Amino acid sequence: MTQTTTDAGGGPGGGAGGGADADRLQAHFDEVIAHDRRIEPRDWMPDAYRKTLVRQIAQHAHSEIIGMQPEGAWITRAPSLRRKAILFAKVQDEAGHGLYLYAAAETLGVDRADLTRRLIEGRQKYSSIFNYPTLSFADVGVIGWLVDGAAICNQVPLCRSSFGPYARAMVRICKEESFHQRQGYELLLTMMRGTEAQRAMVQDAVDRWWWPSLMMFGPPDEASPNSARSMAWKIKRHSNDELRQRFVDMTVPQAEKLGVTLPDPELRWNAERGRYDFGTPDWDELKRVISGDGPCNEERIERRRRAHEDGAWVREAAAAHAAKQAARRDRDRDRDRGHDRDRKHDREAS
Ligand code: FAQ
């Protein structure tokens, strides 16, 4: 069992006070991490741990919500009712993932509205992958196969993340991502069994999405300022390069079965390592995309800003409804208390 802030005297800010008390709290936190137990929202945690979690979970939530855009653009143009229904369900799932993740972030004492504001104002990041355009319906399949495939590789270990609400949210998210990955691969298999033009569309989409998918795992380990600490805290379980390698090892046989070529002349099996060797992603491109200069950054944020503004009336209506319900509850409670008083008075009088 983990110690709660109430027991331990810490607060949402994570301040431990000073001296022996601070040492005791830190020692308890370290022990929970060392024994692979979970930190829960009311437990004491170091400020930097809380900050790192808010940063990562918020970025993750933003990615799910912004990630609805590239594929959402194809819902009205899906080639059949079946494909439309699948795509609809997938894009709705991404909205759900965003909501679980914002809820997990809120357990750390931040406010979802504030996180959204920070995203729109460019003060928080979201995954680089969603700044690339979806040029054909094959992109929908390739996003499912490669982007969701990369997301699964990255996120399955997060189900064992040290922060309870994040880890639990990831369990459900990963189950859904797995369906997403399969629907993408199935779409591509269907297209590859189709016409020459359809096969060419798939290959073109693979050529455009391969390297950005590898970049989803973040910068190489030696240029990843957050990894060491996040891994020591067991927020992250593996380094960026380790997960990237796993993704390549998992995906190459799938590409062979599909009949597409991955656009990397350096890609080859290394029998000694028992893993695939592969080329170096263009890290300058990743830096550019992360810093706002990717092909679709402006469009994505502008669309998110507009959706947020257009949804203002829904939030206002929901808040007004909640206030009305609360007022009704208060009125009913006062009325019930009044009845109780009257009954007591009647009893005493008789
Ligand atoms: N894009 O020190 P590190 C999905 C930033 S969800 C943008 O290595 P860290 C589902 C990083 O934030 C995809 N920024 O950082 C879906 C940091 O900046 P900061 C999202 C990136 O945190 C599928 C700086 O660079 N998944 O796909 C990227 O230890 C289909 C230095 O990097 C997650 O968020 C990037 N690619 O490791 C939805 C998973 N890489 O904050 C729709 C959870 C790095 O210091 C359709 N997150 N940066 O200013 C993680 O696992 C980690 O946060 C990493 C980065 C691995 C992304």
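Since the structure is predicted, the reported quantities are computational estimates derived from the model, not experimental observations.

When you go through the chain residue by residue, the secondary structure sums to 14 helices and two strands. Expressed as lengths along the three principal axes of its C-alpha atoms, the size of the chain is roughly 95 × 55 × 35 Å. Within the chain, the proportion of its 350 residues that are buried is 47%. Within the chain, contacts between residues at least 6 apart in sequence are counted, and of these 77% link residues at least 24 apart. If you sum the accessible surface of the chain, you get close to 18000 Å²; carbon and sulfur atoms cover 54% of it.

You will see that Asp-36, though not glycine, has its phi angle at about 60 degrees, which is positive. Turning to its location among the elements, Asp-36 is positioned in the loop between α2 (19–34) and α3 (47–66). Here Asp-36 falls in the partly exposed class, since its relative accessible area comes to 47%.

Moving on to the site of the ligand. As a matter of local geometry, the ligand sits amid 35 residues, with Gln-59, Lys-125, Ser-128, Ser-224 and Lys-236 nearest to it. In the environment of the ligand, an oxygen atom lies 2.7 Å from a nitrogen or oxygen atom belonging to the side chain of Gln-59. Separating an oxygen atom of the ligand from a side-chain N or O atom of Asn-154 is a distance of 3.0 Å. Elements supplying a minimum of two residues to the shell around the ligand: α3, α5 (81–106), α7 (137–155) and α8 (164–192). Sorting elements by how many residues they give to the shell around the ligand places α3 first, with six residues. When grouped by side-chain class, the residues that make up the shell around the ligand number 12 nonpolar, 14 polar and nine charged.

About the thresholds
Residues numbered from 1 in each chain as written. Predicted model: local features only at pLDDT ≥ 70, side-chain atom pairs only at ≥ 80, totals over all residues. Heavy atoms only, no water. Helix = DSSP H or I, 4+ residues; strand = E, 2+ residues; numbered from the N terminus. Buried < 20%, exposed > 50% of the residue type's maximum accessible area, 1.4 Å probe, protein only. Contact = heavy atoms within 4.5 Å. Areas by Shrake-Rupley, 256 points an atom, 1.4 Å probe, with all protein chains shown as cover. Near = heavy atom within 4 Å. Polar contact = N/O pair within 3.5 Å; in protein donor to acceptor, adjacent residues only side chain to side chain. Nonpolar A, V, L, I, M, F, W, Y, C, P; charged D, E, K, R; others polar.

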